Amino acid sequence: MLQGYTYPLSPRGEANLASAPPWHYAGDIVGVEFWTDPTAAEATLPEGLTPDPDSDGRAVALFVDWQFSAGHDEYLDPVRSQYREFMVLVDAHWQGEPVSWCPYIYVDNDLALARGWVQGFPKKLGSVHQTRVFAAPGSASPTLAAGGRFGASLSAAGHTLAEATVTLQQPAPDPAALFARPTVNLRHFPSLVAGEYDKPAVHELVMAEFDDRRLADVWTGTGDLTLFAARGEELADLAPVRTGAGFRASMSYSVTDVRRLGV
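Just so we're clear, the structure is a prediction, and the values are computed from it rather than from any experiment.

## With respect to the overall build of the protein chain
Phase 1 of the analysis: Check the secondary structure of the protein chain and you find three helices and 14 strands.
Phase 2 of the analysis: With respect to the principal axes defined by its C-alpha atoms, the protein chain has extents near 55 × 45 × 35 Å.
Phase 3 of the analysis: Here the protein chain, with 263 residues, has 45% of them falling under the buried criterion.
Phase 4 of the analysis: Of the contacts formed within the protein chain by residues at least 6 apart in sequence, a portion of 67% connects residues at least 24 apart.
Phase 5 of the analysis: Taken as a whole, the protein chain presents about 13,500 Å² of accessible surface, with 53% of it coming from carbon and sulfur.

Right, here's the structure in full:
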């Protein structure tokens, strides 16, 4: 019997891209709050979600430098366990509850791509980078202090899609408020049966469950974000009309489940 959690299933079950949960994550985040055209934000929402009437097109762009592990110290294999990610989270409502919706997300690792599709994150391949902090002080590393400056970028298929800069001003007075909205995704797996292309095998809204989430070294300040148009992409349709806070944080959490919301 073939074994595994995701493709490829194999005799020993070790060749699959993503093994079964639990999945554990730790990462450094550079983020920028921004406002886009409310009509453009609403256009990304799936059935079941509605615009947040109080947000006026608010969204957040996140650049993340991740390290992953499952149940066997996978972080000791850094070429597989480390990856970088960019995502946009749009303010929305689900049955009157404030949530975040992820219309676009990019990663540079096929294992992360597979885990994301299982969770409902619409991941594509891209190249993501951000300024890092190192314990040894020096001119090549910013500090987590007022005046610390960070840059971040996303490219895909040879095109630059996003660039951001963040300048720190102060520790976040309420770090949890930056990530207070639960994230809702759409798990969608299409059918390849002729005549049934519009009848997907799976099409369901789910709410992400992040267990034991911890935040550290959360600083806020000013942020700037630019989204660039490119063939085959719609990210730039959410181009900022203005930006708000920038921030830098470290976060960890585990994933074992999702909450089905239906459609």
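## Considering unusual backbone geometry
Phase 1 of the analysis: Along the chain, Tyr7 connects to Pro8 via a cis peptide bond; the corresponding omega equals -10°.
Phase 2 of the analysis: With respect to the element layout, Pro8 can be found in the segment before strand 1 (23-35).
Phase 3 of the analysis: A cis amide bond, omega 15°, links Pro21 with the succeeding residue Pro22.
Phase 4 of the analysis: Even without being a glycine, Asp217 presents a positive backbone phi close to 50°.

## Let's talk about the side chain of Glu204
Phase 1 of the analysis: Take Glu204: it is sitting in strand 11 (residues 202-208).
Phase 2 of the analysis: Looking at Glu204, the relative accessible area reads 15%, which means it is buried.
Phase 3 of the analysis: Of note is the side chain of Glu204, whose polar atom sits 2.7 Å from the side chain of Arg187.
Phase 4 of the analysis: A polar side-chain atom of Glu204 sits 3.1 Å from a polar atom in the side chain of Arg260.

## With respect to the pattern of salt bridges
Phase 1 of the analysis: Counted under the stated rule, the structure contains 15 salt bridges.
Phase 2 of the analysis: Here Arg58 ties to Glu33 by a salt bridge, and the two come within 2.8 Å at their closest N and O atoms. In this pair, Arg58 is assigned in strand 3 (residues 58-69) and Glu33 in strand 1, connecting sequence segments 25 residues apart.
Phase 3 of the analysis: Across the pair Arg181 and Asp91 runs a salt bridge, and its minimum N-O distance is 3.4 Å. Of this pair, Arg181 sits in the loop between strand 9 (159-171) and strand 10 (183-189) while Asp91 sits in strand 4 (residues 82-94), and the two are 90 residues apart along the sequence.
Phase 4 of the analysis: Judged by relative accessible area, which is 24%, Arg181 ranks as partly exposed.
Phase 5 of the analysis: Here Asp91 falls in the buried class, since its relative accessible area comes to 7%.

## Some details on the packing of aromatic side chains
Each pair of aromatic rings is reported with the distance of its centres and the angle of its planes.
Phase 1 of the analysis: Tallied over the full model, the rule gives nine aromatic pairs.
Phase 2 of the analysis: The structure contains a cluster of three or more aromatic residues connected by ring pairs, namely Tyr25, Trp66, Phe68, Phe210 and Tyr253.
Phase 3 of the analysis: When the ring centre of Trp35 is taken as reference, the NZ or CZ atom of Arg242 above it lies at 4.0 Å.

## Some words on a nonpolar patch on the surface
Phase 1 of the analysis: A contiguous nonpolar patch, built from Leu2, Tyr7 and Leu9 and spanning about 380 Å² of accessible area, is present on the exposed surface.
Phase 2 of the analysis: Relative accessible area serves as the criterion here: at 55%, Leu2 is assigned to the exposed category.

## Describing the nonpolar core
Phase 1 of the analysis: One finds Phe63, Phe86, Leu154 and Leu235 to be the most contacted residues of the largest nonpolar core, which totals 40 residues.
Phase 2 of the analysis: Residues contacting Leu154, with those up to four places away along its chain left out, are Phe63, Phe86, Tyr106, Gly126, Ser127, Val128, His159, Thr160, Leu161, Ala162 and Leu235.

How each quantity is defined
- Residues numbered from 1 in each chain as written.
- Predicted model: local features only at pLDDT ≥ 70, side-chain atom pairs only at ≥ 80, totals over all residues.
- Heavy atoms only, no water.
- Helix = DSSP H or I, 4+ residues; strand = E, 2+ residues; numbered from the N terminus.
- Buried < 20%, exposed > 50% of the residue type's maximum accessible area, 1.4 Å probe, protein only.
- Contact = heavy atoms within 4.5 Å.
- Areas by Shrake-Rupley, 256 points an atom, 1.4 Å probe, with all protein chains shown as cover.
- Polar contact = N/O pair within 3.5 Å; in protein donor to acceptor, adjacent residues only side chain to side chain.
- Salt bridge = Lys/Arg side-chain N within 4 Å of Asp/Glu carboxyl O.
- Phe/Tyr/Trp six-rings, centres within 6.5 Å; stacked < 30°, edge-to-face > 60°.
- Lys NZ or Arg CZ within 6 Å of the ring centre and 35° of its normal.
- Patch = residues over 30% accessible without salt bridge, like charges linked within 9 Å, V, L, I, M, F, W, Y side chains within 5 Å.
- Core = buried A, V, L, I, M, F, W, Y, C linked by side-chain atoms within 4.5 Å.

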